[in-house]
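Spelled out from the first residue to the last, the chains are:
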Amino acid sequence: GGWYCFNRENCDTRYDTMRRLMSSREWPATRVGTGILSSQPEENPHWWNANMVFIPYCSSDVWSGASSKSEKNEYAFMGALIIQEVIKELVGKGLSTAKVLLLAGSSAGGTGVLLNVDRVAEQLEEMGYQGIQVRGLADSGWFLDNKQYRRTDCIDTITCAPTEAIRRGIRYWNGVVPERCKLQFKEGEEWNCFFGYKIYPTLRCPVFVVQWLFDEAQLTVDNVHLTGQPVQEGQWLYIQNLGRELRNTLKDVTASFAPACLSHEIITRNHWTDIQVKGTSLPRALHCWDRSLHESNKNGKVPLKGCPIHLIDSCPWPHCNPSCPTIRDQFTGQDMNVIQFLMHMGFDVQKMAQQQGLEPSKLLGMLSSGN
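Per chain, residue numbering runs from 1 following the sequence as it is written. Totals for whole chains, interfaces and linings use every residue, but because this is a predicted model, local features are given only for residues with pLDDT of at least 70 and side-chain atom pairs only at 80 or more, for both listing and counting. Only hydrogens and water are set aside when side-chain values are computed; all heavy atoms of the structure are taken into account.

Q: Sorry, what's going on with the pattern of salt bridges here?
A: Two side chains with opposite charge may pair up if their charged atoms get near one another. For this document, the term salt bridge refers to a Lys or Arg side-chain nitrogen within 4 Å of an Asp or Glu carboxyl oxygen. Going through the model one piece at a time under the given rule, you end up with 10 salt bridges. The shortest N-O distance in the salt bridge between Asp290 and Arg135 comes to 2.6 Å. Taken together, the residues Asp290 in helix H9 (residues 282–299) and Arg135 in strand S2 (residues 133–139) connect sequence positions 155 residues apart. Judged on exposure class, the residue Asp290 and its partner Arg135 are both buried. With a closest N to O distance of 3.7 Å, Arg269 and Glu265 form a salt bridge. Burial status follows relative accessibility: with a 1.4 Å probe on protein chains alone, a residue under 20% of its type maximum counts as buried, one over 50% as exposed, and anything between as partly exposed. Residue classification places Arg269 among the partly exposed residues on the basis of a relative accessible area of 34%. Ionic contacts of the salt-bridge type, sharing partners, join the residues Arg8, Asp12 and Glu74 into one network. Per the convention used, a helix needs a DSSP run of H or I reaching at least four residues, while a strand needs a run of E reaching at least two, with both numbered from the N terminus.

Here's what the structure looks like:
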């Protein structure tokens, strides 16, 4: 992950300020895998001993570009081609005997999984490796093309409404989207395929979707900025509505994990085992999904008893789930508990209690226990 740039100006700025996202020249020679990439069983209970390949992001095109450097374009955008090349190279390093290939990514990498998972499966089939089951794990890449809280002109990635930024990006990167998704939309409307709920129904490979209901990157592009000042009522309603809309788009997603937290990215965080939805942690849900895919191949019966794979929080506001990652006050650097956080957000306990028909003290008790 790491956002993207969609025109000469903001790509120049990105090149000057975040070169590691534009070029591999200054990358470190080694990295330590964390979260799902960790080789420690206590940090990565099910896949610590899997073969792992980390593909850093330097194409700035949501893994969709297919344009080399030319006279017209000073930058090359080759996200889609990089993935194909990596697959080609891995076949000679043992991938040819694999049973399962899990393509995983966070943020722009999560959207990249949705855009590339079927293409990787097709590529392996064409190379004669029909036996490899290709699956996707998309973390924090399921964005909504909703209305911004406050409309702003499209100047850079942060202020530009997601649809407009992607629309410009596709042209600039020569972006590719999967054929089956492309066919659902008119020519020139391919940007739709960058939004999870629109591309998901067209995918053939099984995909597990991990998405915070109150994703910080989504709120940023929607122009809800949670810094220091109490949130106005309009923003608070907007935030709750965002959670509702997101929950709605996930209801037909077979395998999903969506905690009601304000955060962004999780699978490579070392605390990824701590977050739970309805008493199930993410590694456990992924393990259940893995098993259900093995079992369903055998006998066509999908749900496994006591092993849930569709986990979506139903409580209505950020951090109403007690296992959410701690929030730090941006100014003091202090950790906040749920109640401090809600007060900081301008949450009116009296008023909210009244709306829910509860005593304020009862509501506070429920909030701190996360009910």
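What follows continues from the structure just given.
Q: How do you make sense of the state of the cysteines when you look at a structure like this?
A: Among covalent bonds in proteins, the disulfide is the one between the sulfur atoms of two cysteines. Criterion for a disulfide: a pair of cysteine sulfur atoms within 2.5 Å. Applying the stated criterion to the full structure yields 6 disulfides. The residue that forms a disulfide with Cys181 is Cys193, at a sulfur-sulfur distance of 2.1 Å. An S-S torsion of about -105 degrees defines the bridge between Cys181 and Cys193 as left-handed. One end of the pair, Cys181, is in helix H5 (residues 179–182); the other, Cys193, is in the loop between H5 and helix H6 (196–199), and 12 residues separate them in sequence. Each member of the pair, Cys181 together with Cys193, is buried. The disulfide bridge from Cys261 ends at Cys324, spanning 2.0 Å between sulfur atoms. Its S-S torsion of approximately -85 degrees makes the covalent link between Cys261 and Cys324 left-handed.

Q: What is the right way to read the environment of Pro206 from this model?
A: With respect to the helices, strands and loops of the structure, Pro206 is situated in the loop between H6 and strand S3 (207–210). Residue Pro206 is classed as partly exposed on the basis of its relative accessible area of 30%. The contact criterion used throughout is that any non-hydrogen atoms of two residues lie within 4.5 Å. In contact with Pro206, not counting residues within four places along its chain, are Val134, Arg135, Gly136, Trp289 and Leu293.

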